[in-house]
Amino acid sequence: MPISHRLTARKVKKPILSIVVPVYNEEENVRLLFEKIQTICETIGEAYEVLFVDDGSHDETFTVLSELSKQKPQLGVIRFQKNAGQTAAMAAGFECAQGQRIISMDGDLQNDPADIPKLLEKLDEGYDLVCGWRKERQDKFLTRRVPSIVANWIIGKVTGVPIHDNGCSLKAYRASVIKQVPLYGEMHRFIPAMSTVVGARIAEIVVTHHPRRFGKSKYGLGRVWRVMLDIIAFKFIISVFAPRPNPQKPLRRSPIEACGTMWQRLSNILFRPKQRAFRVAAFLSLPFFVLGRVLFGNANIAALSCFGSAIALLTLGWITENKIRHAKKESSTLGRLARFFIIQCKRRPIRFLGPIGVALFILGGILSIAPINALLLKILNVGSSNPSAIFITGGILVFCSGLFGELITYANAKRVKDYTIL
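Residues numbered from 1 in each chain as written. Predicted model: local features only at pLDDT ≥ 70, side-chain atom pairs only at ≥ 80, totals over all residues. Heavy atoms only, no water.

Labelled according to an unreviewed UniProt entry, the protein appears under the name Dodecaprenyl-phosphate galacturonate synthase, originating from Geodia barretti.

Printed below as a string of structure tokens:
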């Protein structure tokens, strides 16, 4: 669906700087925030625009913004028909932004517009993305700061991009770079790591953070498990889509360096640019083949479950590879599997299938306990075989289906919108 906003109907000078502000139920904050942004942008002296993206607010946020936009030609308003989430709001703002440089920030007055010049100054040093770091964060310690510290540490270790504060919305981007980054689901917290896929140079600076004055926070401890699933999915996506360097071989190598080179060669075989998804599936299926062979003859149900899971993973990898290639054809339409992951799973297959897989795995583990297993065998009258293996391998397969679904969703992220604009 083509995107339009109020700036298209006005004769304003093409902006060099765009400020993107996603908002949801922030009626008390938006006017004051715009005034602060306007004051700072006037001191910068460049043509600018401010795009507020109303993510389906239920209060008077859109009314306030609409009235304000009639008075301020620099203000554009994008309104979603229903709440689609912060990532979708940011994606819409980035798509509409006309500036060569883009700033994103929260709409709750906790980010300080006074930091915008510092972000732009750092961006002009040759970086493509500058992240804000809320070093002195003004949020509740247990429910906001502690989960954030843990999540940022894990994200840094998993992605290899050591950003202190991935969740800070106050960032500066080169438009030519951020417009290439596929955003979907709730992947906005992974923007720094996702930007490395398109070769972005990243920096980080300390920014001011204020306590919330009006309204209520939209986040809490309930999102922790979702973030963990997102981290797993993102690492899986990066392993398939990230470009891999081809370093030159040293003339002389120590034994440790030689082992590292052997591992690099093995990685290139498993994850080279073509057919990476299938090779990942082959790598994941190998333990199931080995375990099935070991169990065969003594625990036939378990062995057959392992063999079945291995074959299913290979099939899933082959299908995923074809769907990724299909997504690269701009004229092609979404297939049934892609529509399932994108529409039925709401672009988050790992969140839809992941908990089901984990539940099946845990159930299998419980059923493998000797007294419980003996009772189950007696009730079902299935001989001496252990059916718990079916639940365990089934859980792993369902979880992996969610992961491969993330690959298909990522490949199609630019083709389907998460939102509808009124």
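On we go from here.
We now examine the overall build of the protein. Of the regular secondary structure elements, the protein holds 15 helices and seven strands. Across the 422 residues of the protein, 48% fall into the buried class. For the protein, contacts bridging at least 24 residues in sequence account for 81% of all contacts bridging at least 6. Accessible surface computed for the protein: about 21,400 Å², of which carbon and sulfur atoms make up 60%. (Helix = DSSP H or I, 4+ residues; strand = E, 2+ residues; numbered from the N terminus. Buried < 20%, exposed > 50% of the residue type's maximum accessible area, 1.4 Å probe, protein only. Contact = heavy atoms within 4.5 Å. Areas by Shrake-Rupley, 256 points an atom, 1.4 Å probe, with all protein chains shown as cover.)

What follows concerns the packing of aromatic side chains. Scanning all chains against the criterion turns up six aromatic pairs. Relative to Phe352, the ring of Phe340 has its centre 6.3 Å away and its plane inclined at 80 degrees; by these criteria the two rings are edge-to-face. Here the residue Phe340 occupies a position in helix α12 (residues 336–344), and Phe352 occupies one in helix α13 (residues 349–367), the gap between them amounting to twelve residues. Note on Phe340: relative accessible area 32%, which makes it partly exposed. Members of the aromatic cluster, each reached through a chain of ring pairs, are Phe340, Phe341 and Phe352. (Phe/Tyr/Trp six-rings, centres within 6.5 Å; stacked < 30°, edge-to-face > 60°.)

Another aspect to go through is the pattern of salt bridges. Side chains that differ in sign of charge can pair as their charged atoms come close. The full count for this structure, using the stated rule, is eleven salt bridges. Put simply, Asp128 and Arg201 hold a salt bridge, and the shortest N to O gap is 3.0 Å. Of this pair, Asp128 sits in the loop between α4 (116–123) and β5 (129–133) while Arg201 sits in the loop between α7 (191–195) and β7 (202–206), placing them 73 residues apart in sequence. In this structure, Arg351 and Asp230 form a salt bridge, with 2.5 Å as the shortest nitrogen-oxygen distance. Pair noted here: Arg351 is in helix α13 and Asp230 is in helix α8 (residues 224–241), with a separation of 121 residues, a long-range link. The residues Arg351 and Asp230 share a single accessibility class, namely buried. (Salt bridge = Lys/Arg side-chain N within 4 Å of Asp/Glu carboxyl O.)

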